[in-house]
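Coordinate inspection notes
Each chain is listed here by its residues.
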Amino acid sequence: MRPPSVDALARSVTDTGLPHPLLVDCARQAIAAGDPDSVRARATELAGHLLGPVVNATGVLLHTNMGRAPRRVGPSDEGPLRYSNLEIDITTGDRGSRQAGLGHLLARLTGAEAAIVVNNCAAAVTLVLAALAAGTRVPVSRGELVEIGGGFRIPEVMAQSGARLVEVGTTNRTRRSDYEAALDPGDPSTVVLKIHPSNYRIQGFTEEATISELAGLAPDLVVDLGSGLVDRNCQWLDGPPPGWLGDEPGVRQTLAAGADIVTFSGDKLFGGPQAGIIVGRADLVDRCARHPLMRAFRPGGLVMEALQETTLAYLRRDGDSIPFWRTATIDAAELRRRARDLGVGDVIDTEATPGAGSLPLAVIPSAGIALSGDVTAQLRRSVPPIVARVVEGRTVLDLRTVDPADDEVIARVAAEHGWFPGSAASGRAPVRD
Ligand SMILES: *Cc1c(COP(=O)(O)O)cnc(C)c1O
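Residues numbered from 1 in each chain as written. Predicted model: local features only at pLDDT ≥ 70, side-chain atom pairs only at ≥ 80, totals over all residues. Heavy atoms only, no water.

Looking at the side chain of Glu-144
- Looking at the secondary structure, you find Glu-144 in the loop between strand S5 (137-141) and strand S6 (147-148).
- Relative accessible area serves as the criterion here: at 4%, Glu-144 is assigned to the buried category. (Helix = DSSP H or I, 4+ residues; strand = E, 2+ residues; numbered from the N terminus. Buried < 20%, exposed > 50% of the residue type's maximum accessible area, 1.4 Å probe, protein only.)

Listed below in structure tokens is the structure:
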């Protein structure tokens, strides 16, 4: 009898609720083990490692394995009491790791061997350097000694981690040979660090060493990508990658080009909750996981569950359920239609931006309405508050970032103030900002 196809085997266990790529993994492993029927046990075990609700009938009120204090689900205080399987292995009943299930998903998504999650990317960089490079010389390009908003400065973070910064090259040009010259056989480096200039661009007479040129120079190449586009091909979208992504590097491509570790934020282009994600070689991720700082940097169950949801959406190729990607890819024509339907102010074309210091030059064609004068203070006083911008003396509301359900909030506030098209408060000629 012919063995069943991987695809048919994967489809036989879709009721486990796992995304297809993970079911395919289980099917391959089952066939490789010569036991196709084991696909269900494998999928069930994998699903058991994901975070979700459990009924705590132990009588232990603060059960560390089940997320300590329970919470109510939903806005009302009548929602069900909720513990979770944060640190219990549902298959064996033993103490489990809060990182195991999500780490597996993130590794699968990015093509890494392993992954762990901390509170933000600043913590991720600090932990990686402390675990892999404390006391050693770490070459970094002078063009990449960045400050991220809020006082995250690479030289200071490196000092905190115990790594010794060695500046390499110049602000605008750094080559592989500059890194080579900075390596000292008498005081060896374990890590070369490359940092993605998320929030600025150096243009003109420039040169930088590529990931593949830097791979292998030192035992470990660490790349801090920050903004963290998962995959340049954006396979979670129905259409092609949006043009405004430009040459933004993908986590998957950076690992494939030879990075041993990549760090990125959960709440920039990944579109999830605030978190820092460390992906890469299993031995290195494991050293990070066992470092004492890990305990201080690990996120709580709420964040882990929210990040799991985002990661599963990518694996299901369901970009529309990731609010950032839904917002970023709405057709400008649809926004223009909504702006017209509002019947408030003037309908205008606008330019939205990704923000959060990512893709500083990117412009997303968008649309919205313009009201004459600066009425931002009145807008902020509405319930809920509306935050808008002033462009060339007019107040501009960009609808790309407004949920369609909130259009009525804008309409109501405008009606209260009498901001109708052509009214005294409304501007005349449409502007481009
Ligand atoms: C944004 C960013 C950080 C900091 O990330 P947080 O999640 O805000 O801590 C670090 N490095 C790079 C390259 C970044 O773009």
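Things to note about the site of the ligand
- Around the ligand sit Asn-120, Cys-121, Ala-122, Ile-148, Phe-152, His-196, Ser-198, Asp-224, Gly-226, Ser-227, Ser-265 and Lys-268, and those are all the residues in its vicinity.
- Contact distances for the ligand include 2.8 Å between an oxygen atom and a backbone N or O atom of Cys-121.
- Expressed as a share of its isolated accessible area of 390 Å², the protein-covered part of the ligand is 89%.
- Only helix H5 (121-133) and strand S10 (220-226) provide two or more residues apiece to the shell around the ligand. (Near = heavy atom within 4 Å. Polar contact = N/O pair within 3.5 Å; in protein donor to acceptor, adjacent residues only side chain to side chain. Areas by Shrake-Rupley, 256 points an atom, 1.4 Å probe, with all protein chains shown as cover.)

A look at helix H6 (residues 154-161)
- Listed in full, the buried residues belonging to H6 are Ile-154, Val-157, Met-158 and Ser-161. In an axial view of H6, the angular spread of the buried residues amounts to 100°, which keeps them on one side of the axis. With respect to the buried face of H6, the exposed residues turned more than 90 degrees away are Ala-159 and Gln-160.
- At the exit of H6 stands Gly-162, carrying a positive phi of roughly 90°. (Arc of directions from axis to C-beta.)

Section: the packing of aromatic side chains
- Throughout the structure, instances matching the rule amount to 6 aromatic pairs.
- Residues Trp-236 and Trp-325 carry aromatic rings whose centres are separated by 5.4 Å and whose planes lie at 65° to one another, so their mutual orientation is edge-to-face. You can see Trp-236 sitting in the loop between S10 and helix H9 (251-256) and its partner Trp-325 sitting in helix H13 (residues 323-329), a full 89 residues away along the chain. Judged on exposure class, the residue Trp-236 and its partner Trp-325 are both buried. (Phe/Tyr/Trp six-rings, centres within 6.5 Å; stacked < 30°, edge-to-face > 60°.)

Describing the packing of H5 against H6
- Orientation of H5 relative to H6, taken along the N-to-C sense of each, is 45°, at an axis distance of 8 Å. By the angle between their axes, H5 is oblique relative to H6. Considering the relative orientation of H5 and H6, their crossing is right-handed. On H6, the residues touching Val-125, Thr-126, Leu-129 and Ala-130 of H5 are Val-157, Met-158 and Ser-161. (Axes fitted to C-alpha atoms, helices over the stretch in contact; angles between N-to-C directions. Parallel < 35°, antiparallel > 145°, perpendicular 65-115°, else oblique. Left-handed = near helix turned anticlockwise from the far one by under 90°. Contact = heavy atoms within 4.5 Å.)

Overview of the nonpolar core
- Ranked by internal contacts, the top residues of the largest apolar core, which has 67 residues, are Val-262, Phe-270, Val-279 and Trp-325.
- With 32 residues, the next largest nonpolar core counts Ala-124, Val-125, Val-128 and Val-140 among its residues. (Core = buried A, V, L, I, M, F, W, Y, C linked by side-chain atoms within 4.5 Å.)

Points about the domain arrangement of the protein chain
- When cut into domains, the protein chain gives domain 1 (1-48), domain 2 (62-96), domain 3 (100-323) and domain 4 (330-417).
- Look at where the C-alpha atoms of domain 1 and domain 2 centre, and you get two points 28 Å apart. (Domains from an automatic or database assignment.)

Re the side chain of Arg-338
- With respect to the helices and strands, Arg-338 occurs in helix H14 (residues 332-342).
- Apart from residues no more than four positions distant in its own chain, Arg-338 is found in contact with Leu-399, Val-402, Asp-403, Pro-404 and Asp-407.

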